[in-house]
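# Examining the three-dimensional arrangement
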Amino acid sequence: MASVSTKAMENTNKNIKEKSNKKISIEKKNIIYGLLFASPVILGFIIFVMGPMIGSGYFSLTDYRIASTPKWVGFDNYKNLFTNKDPFFYKSLLVTAFYVFLSVPIQIIVALLVAMVLNRDVKGQGIFRTIFYLPTIVPVAASSMIWIWLMDPDLGLLNNILKVIGLPTSKWIFDEKTVVPSLILMSLWTIGSTVIIFLAGLQGVPKQLYEAVEIDGGNGFHKFINITIPMITPTLFFNLVMGFINGFQVFTEAYIMTSGGPNNASLFYAFYLYKEAFTNFRMGNACALAWILFIIISIFTFIIFRTSKWVYYEGDGQ
């Protein structure tokens, strides 16, 4: 009897080992297949993202003027930037910060209001949604040329409209006091993507919550404050993060419409970086500027994530 039970135990252990070995082999195969299918993305990230980042990190520590061999200078590029030896560094930072902290809230508020209007059940809803989204697929270079004409002080459509309704005209992008606000106004032209994201968030709000507010005697304002805003906070959070990231990298409008002027009033950071690299041919300094921009965006993104306790996720126990 003892020998029989021993053999049974051995067979059981043997079967368990075989099953565990099969599971391990299946898991290994799944890992291999997963890495194989993900390899194009992984290789693309290593070659086209990590590679250039490592290269720019090295060049930021050199005096590299493209035509000459890079000369190691350590952190001199960074020291020259922060010690005000480069007069345009802090200017570009201030201009960009002014644009970001003014444009991002305005874009989010306007996009949310438009999304709430488009979320209503009205005739031609799809047509209106298409109209608001279409500008986002227009190339920025083409839309910039259109806005140059719209903001022309003499022949522009905007000033003609202001004249008709009896309001004072503006020089728009041709005056250093109004150039950045004018570009912020232009940025509202491309809020279609943000509107679509808000619209998706609004459509995910359960209708029974609105019905509960109506039963309690609440009006539209109560619905907006107590239901809509809390339920779409993840969408608000996403658009806020993306707005800051994109805002710090604004470039094309300044490059095409203003060339950083007048009087460097629209010298955005990314445009200044471009000028250092491809106009002044100071590639080492440009790489240092790029890394500083990366750190600034990372810090702001980290702060936004750390202060995201106001974001409500369904099922998170709060």
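The name recorded for the protein chain in an unreviewed UniProt entry is L-arabinose transport system permease protein AraP, from Clostridium puniceum. Regarding the protein chain, the relevant UniProt record gives this comment under Sequence similarities (unreviewed entry): "Belongs to the binding-protein-dependent transport system permease family."

### As for helix α7 (residues 179–187)
Counting buried residues along α7, seven of its nine residues qualify, which places the element largely inside the surrounding structure. Within the span of α7, buried status applies to Val-179, Val-180, Ser-182, Leu-183, Ile-184, Met-186 and Ser-187. Of the surrounding elements, those touching the buried residues of α7 are α3 (89–118), α5 (140–150) and α12 (252–258).

### Section: the pattern of salt bridges
With the rule as written, the count across this model stands at three salt bridges. A salt bridge links Glu-276 to Arg-282; the shortest N-O distance between them is 2.7 Å. You can call Arg-282 partly exposed: its relative accessible area is 30%.

### Considering the packing of α3 against helix α8 (residues 192–203)
With their axes 8 Å apart at the nearest point, α3 and α8 run at an angle of 55° to one another. Comparing the axis directions of α3 and α8 gives the class oblique. Both α3 and α8 take part in a crossing whose hand is right-handed. Residue-level contacts link Ile-108, Ala-111, Leu-112, Val-114, Ala-115, Met-116 and Leu-118 of α3 to Thr-194, Val-195, Phe-198, Leu-199 and Leu-202 of α8. For the contact of α3 with α8, the residue count by class is eleven nonpolar, one polar and no charged.

### Comments concerning the environment of Val-205
Within the secondary structure, Val-205 is located in the loop between α8 and α9 (207–215). Along the chain, Val-205 and Pro-230 lie 25 residues apart, while their C-alpha atoms are 9.7 Å from each other. Contact partners of Val-205, with chain neighbours within four places excluded, come to Tyr-210, Ile-227, Met-231 and Ile-232.

Reading the values: rules and limits
- Counting restarts for each chain, with residues numbered from 1 along the sequence as it is written.
- Local features in this predicted model are restricted to residues of pLDDT 70 or higher, and side-chain atom pairs are both shown and tallied only at a pLDDT of 80 or more, whereas totals for entire chains, interfaces and linings draw on every residue.
- With hydrogens and water set aside, each side-chain value is computed from the structure's full complement of heavy atoms.
- UniProt positions are given in the numbering used here, feature names are shortened, and annotations may be inferred rather than shown by experiment.
- The cut-offs for exposure are 20% and 50% of the maximum accessible area for each residue type, with area from a 1.4 Å probe on protein chains only; residues under the lower value are buried, those over the upper are exposed, and the others partly exposed.
- Secondary structure counts use DSSP, requiring at least four H or I residues in a row for a helix and at least two E residues in a row for a strand, with both numbered from the N terminus.
- Only heavy atoms enter the contact rule, under which two residues are in contact if any of them lie within 4.5 Å.
- Any carboxyl oxygen of Asp or Glu within 4 Å of a side-chain nitrogen of Lys or Arg constitutes a salt bridge here.
- Comment: axis = line fitted to C-alpha atoms, over the contacting stretch for helices; angle = value between 0 and 180 degrees taken between N-to-C directions.
- Reported orientations rely on four angle classes, namely roughly parallel under 35 degrees, roughly antiparallel over 145, roughly perpendicular from 65 to 115, and oblique for the rest.
- Crossings are classed by handedness, with left-handed meaning an anticlockwise turn of the near helix from the far one by less than a right angle and right-handed meaning a clockwise turn.
- Gly is placed with the polar residues, together with every amino acid not listed as nonpolar (Ala, Val, Leu, Ile, Met, Phe, Trp, Tyr, Cys and Pro) or charged (Asp, Glu, Lys and Arg).

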